[in-house]
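# Observations on the three-dimensional arrangement
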Amino acid sequence: MTSSTPSYQDNVSVQKHRWLILTAVGLFTFMSTLDGSIVNIALPIISRDLHIPMNQAEWVVSLYLIIICSLLLFFGKLSDNWGKIKIFRWGTLLFIFGSLLSGWRINLIFLLIARAIQAMGAAMTMATNNGIITEIFPKTQRGKALGLIGSFVALGSIAGPGIGGLLLAHFNWSFIFWINVPIGLIAIIVGYFVFPPDITINHGALDKLGAASFAMTIIAFFGGIFLGQQIGFKQINILLLFIFALIMFAIFIKNELRQTSPLLSFSLFKNLNFSLSLLCALLIFITNFFFNVVTPFYLENARQLPPNQTGYILMVFPIIQVIAAPLAGSASDKIGPKLITFIGLIFILLSQIGYTLCNLHTSIGLFIISVALMGLGNGIFSSPNNSLVMSSVAQKDLGIAGSINSLARNLGMVIGISSATTILFAAMSHYRGMHVTNYLPKHPEVFIYGMHTVFFISCLICVIATGITGWRLFTKNN
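Residues numbered from 1 in each chain as written. Predicted model: local features only at pLDDT ≥ 70, side-chain atom pairs only at ≥ 80, totals over all residues. Heavy atoms only, no water.

## Examining the packing of helix 6 (residues 84-102) against helix 11 (residues 180-194)
- Close contact between helix 6 and helix 11 brings their axes to 9 Å; oriented N to C, the two are set at 160 degrees. Between helix 6 and helix 11, the interaxial angle falls into the category roughly antiparallel. For the pair helix 6 and helix 11, the crossing hand works out as left-handed. Where helix 6 approaches helix 11, its residues Arg89, Thr92, Leu93, Phe95, Ile96, Ser99 and Leu100 are matched on the opposing element by Asn180, Val181, Gly184, Leu185, Ile188, Gly191 and Tyr192.
- Partitioning the contact of helix 6 with helix 11 into residue classes produces eight nonpolar, five polar and one charged. (Axes fitted to C-alpha atoms, helices over the stretch in contact; angles between N-to-C directions. Helix = DSSP H or I, 4+ residues; strand = E, 2+ residues; numbered from the N terminus. Parallel < 35°, antiparallel > 145°, perpendicular 65-115°, else oblique. Left-handed = near helix turned anticlockwise from the far one by under 90°. Contact = heavy atoms within 4.5 Å. Nonpolar A, V, L, I, M, F, W, Y, C, P; charged D, E, K, R; others polar.)

## Some thoughts on helix 18 (residues 364-390)
- Here helix 18 spans 39 Å end to end across 27 residues, near enough to the 39 Å set by a 1.5 Å rise per residue.
- With 21 of its 27 residues buried, helix 18 lies for the most part within the structure.
- Among the residues of helix 18, the N-terminal cap falls to serine 363, whose side-chain oxygen and the backbone nitrogen of glycine 365 are separated by 3.1 Å. (Expected span 1.5 Å × (residues − 1). Buried < 20%, exposed > 50% of the residue type's maximum accessible area, 1.4 Å probe, protein only. Polar contact = N/O pair within 3.5 Å; in protein donor to acceptor, adjacent residues only side chain to side chain.)

## Overview of the pattern of salt bridges
- Counted according to the given criterion, the structure contains four salt bridges.
- Linking arginine 115 and aspartate 35 is a salt bridge whose minimum nitrogen-to-oxygen distance equals 3.7 Å. One end of the pair, arginine 115, is in helix 7 (residues 108-136); the other, aspartate 35, is in the loop between helix 2 (18-34) and helix 3 (43-49), with 80 residues separating them in the sequence. We note that arginine 115, like aspartate 35, is buried.
- A salt bridge links lysine 84 to aspartate 80, with the shortest nitrogen-to-oxygen separation between them at 3.9 Å.
- Here the residues in one salt-bridge network are Asp80, Lys84 and Glu135, joined through shared partners. (Salt bridge = Lys/Arg side-chain N within 4 Å of Asp/Glu carboxyl O.)

## Regarding the confidence of the model for the chain
- Put simply, the chain has an average pLDDT of 86, and 96% of its residues get 70 or more.
- Confidence drops under a pLDDT of 50 for residues 1-5, and excluding neighbours within four residues, the segment shows six contacts in the predicted structure. (pLDDT = per-residue confidence, 0-100.)

## Describing the nonpolar core
- With 134 residues, the main nonpolar core has Val39, Tyr298 and Phe447 as its most contacted residues.
- Here the element with the most residues in this core is helix 14 (residues 272-302); it accounts for 16 residues.
- When neighbours within four sequence positions are excluded, valine 39 is seen to be in contact with Ile46, Val60, Val61, Arg115, Ile176 and Phe177. (Core = buried A, V, L, I, M, F, W, Y, C linked by side-chain atoms within 4.5 Å.)

## Details of a nonpolar patch on the surface
- On the surface, Leu209, Ile236, Leu239, Leu240, Ile243, Ile247 and Ile251 cluster together into a nonpolar patch covering about 620 Å² of accessible area.
- For the nonpolar patch, the element with the highest residue contribution is helix 13 (residues 236-258), accounting for six residues.
- Inspection of the secondary structure puts leucine 209 in helix 12 (residues 208-231).
- Overall, the relative accessible area of 45% leaves leucine 209 in the partly exposed class. (Patch = residues over 30% accessible without salt bridge, like charges linked within 9 Å, V, L, I, M, F, W, Y side chains within 5 Å. Areas by Shrake-Rupley, 256 points an atom, 1.4 Å probe, with all protein chains shown as cover.)

This is the structure we're talking about:
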């Protein structure tokens, strides 16, 4: 940005419309995150409608998350070079187009191609949302604004099963995608009138080899994980995928160290506030998706609650987080973010301890208290943690920083989904003394053992995140 170009904070028109800008960005943040979780509840229906086995239908979810993770760094760097708002705008159009195509009930291949288009658009909006908000909002309101973005992320991540269930109760599965179209068009129209032109553009060279090798690493590694869960990790094809991912990752690292304008500058991670905040975000999203995967089994299968009641209980999480996140963001603007992130992690840790104590006879009220504590903890943690990440880098790196932040969240989602089921069924198999790959209706105690194992590990993950944040808080040099 040249000295003759005013910042967004000095632009009266931009500041007048900054909350509308936040609304437009937040709507797409919500929708793109929602589409990573809303499809899960419709998979049995999609499987029957398209006449495909359930393991193939699961790729409708997996492909979306894998493509987002593979492209986030590329679009983050591209937004620094071409402009964050320009990339965001193109992303909104691609996302709506992909959503429209995804609802056409033709066959699995067509649906996967449509989901790939939708994921590309989602990656473009996710890579730029935090950077746009950080540039536009003054420091005195940045924590609150990023907290609201965090609320949209949380609501989209966790509310999928509840919203999807409501839509499927009245419409066919196409509408879980088509609902994005009118909402997205409203956000685009609002953005057309309030988005300012980009002012921070670097015009740097684009690291194409870095982008390609990183994308291949993500696709091969997580593709191997999801395929391995279906056909076994000892299959030669799965082992070759993991070897290919390792080779691509080595190429990526070597290339980034040699590039003068790398896709990912490792110097960013020298800032402890940046790197530790990203690590904590990754760990907490893994924990969140342990919860997202396991608790529907507990409530619907083990406790035999109806789906609508299960949905109401699970909605406690995002509702409380949405309330807590902007309040925590405002508090972080006044007293600083480090103490608040630590307090949030304490609440999340308490919720995980609560889950490990739940069994077949635990009061549902006590379970709801644990869900509420988790929502409160996430709301308190996410806003100041986002602020720490985005405030730790120079303005020229806001695009790549925002994309790395989104990558940490999405990697947490993918790792949480894949590892939760692996841990759950491995523990159930150990307890039962036989290979278990599904819930055993006549033996709920087997599931409870597996659930306790999953949440014990999530407790350990939370202890690590809390310890890291506590060390940063109480160490004077950080």
